[in-house]
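# Secondary and tertiary structure notes
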Amino acid sequence: QVQLVESGGGLVQPGGSLRLSCAASGYTRNFVLMGWHRQGPGKERELVATMLSGGSTNYADSVKGRFIISRDNAKNTVSLQMNNLKPEDTAIYYCTAVTNLPNLRFWGQGTQVTVSS
């Protein structure tokens, strides 16, 4: 059974940085897609950044230029470097991964990121 475990959340001041990591287990092949979504207070879950196994990336407009996604296909891990954090980045961040044949999406349990002075 596929499991995704996030780490690295916490409290940071505006302008600060955090790095989130996600480790997948229970799957021996490369995920077609790995990435991050988030859900802020009173908001719907939204895409933050994703990366295909070939390296193509997709970022939400709100984080472009500030966040960097990376992944290690050999280890089935994905990370999110978050720089110049803003209060509006406060959310629970969820790791996600998608398999191929069958096409299934998995979610981690989430990690809280709070940006506040």
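Scope of this entry: the structure provided in the associated data block. (Residues numbered from 1 in each chain as written. Predicted model: local features only at pLDDT ≥ 70, side-chain atom pairs only at ≥ 80, totals over all residues. Heavy atoms only, no water.)

## Notes on the state of the cysteines
Overall, the coordinates contain 1 disulfide when judged by the stated rule. Here Cys22 is linked by a disulfide to Cys95, with a sulfur-sulfur distance of 2.1 Å. Disulfide Cys22-Cys95: the torsion about the S-S bond is -80°, which places it as left-handed. Note that Cys22 is positioned in strand β3 (residues 18-25) and Cys95 in strand β9 (residues 91-99), a separation of 73 residues in sequence. Accessibility expressed as a relative area gives 2% for Cys22, which makes it buried. A relative accessible area of 0% means that Cys95 is categorised as buried. (Disulfide = S-S within 2.5 Å. Helix = DSSP H or I, 4+ residues; strand = E, 2+ residues; numbered from the N terminus. Buried < 20%, exposed > 50% of the residue type's maximum accessible area, 1.4 Å probe, protein only.)

## Section: the nonpolar core
Trp36, Val48, Phe67, Ile69, Leu80, Met82 and Tyr93 are the most contacted members of the largest nonpolar core, which totals 29 residues. Elements with a contribution of two residues or more to this core: β3, β4 (33-39), β5 (46-52), β7 (67-72), β8 (77-82), β9 and β11 (111-115). Once residues within four sequence positions are removed from consideration, Leu80 is found in contact with Leu18, Arg19, Leu20, Trp36, Val48, Ala49, Phe67, Ile68, Ile69 and Tyr93. (Core = buried A, V, L, I, M, F, W, Y, C linked by side-chain atoms within 4.5 Å. Contact = heavy atoms within 4.5 Å.)

## A short note on the pairing of β3
Only one face of β3 is buried, namely the one carrying Leu18, Leu20, Cys22 and Ala24, since none of Arg19, Ser21, Ala23 and Ser25 on the opposite face is buried. When strand β1 (residues 3-7) meets β3, the two strands line up antiparallel, connected through 5 bridges. Bridge assignment links Leu4 to a residue of β3, and that residue is Ala24. Of the strand pairs in this sheet, β3 and β8 are connected by 6 bridges, and their pairing is antiparallel. Looking at β8, one finds that Leu20 is bridged to Leu80. (Pairing = 2+ DSSP bridges.)

## Overview of the sheet that holds β1
Pairing is antiparallel across the open sheet formed by 4 strands, whose spatial order is β1-β3-β8-β7. If you trace the sheet from one side to the other, it starts and ends with β1 and β7, each paired once. Neighbour to neighbour, the strand axes of the sheet diverge by 15° on average, direction disregarded. (Axes fitted to C-alpha atoms, helices over the stretch in contact; angles between N-to-C directions.)

## Thoughts on the packing of aromatic side chains
This structure, assessed with the given rule, holds 1 aromatic pair. The residue whose ring lies beneath Arg45 is Tyr94, and the NZ or CZ to ring-centre distance is 3.7 Å. Over the ring of Trp107 we find Arg45; its NZ or CZ atom is 4.5 Å from the centre of that ring. (Phe/Tyr/Trp six-rings, centres within 6.5 Å; stacked < 30°, edge-to-face > 60°. Lys NZ or Arg CZ within 6 Å of the ring centre and 35° of its normal.)

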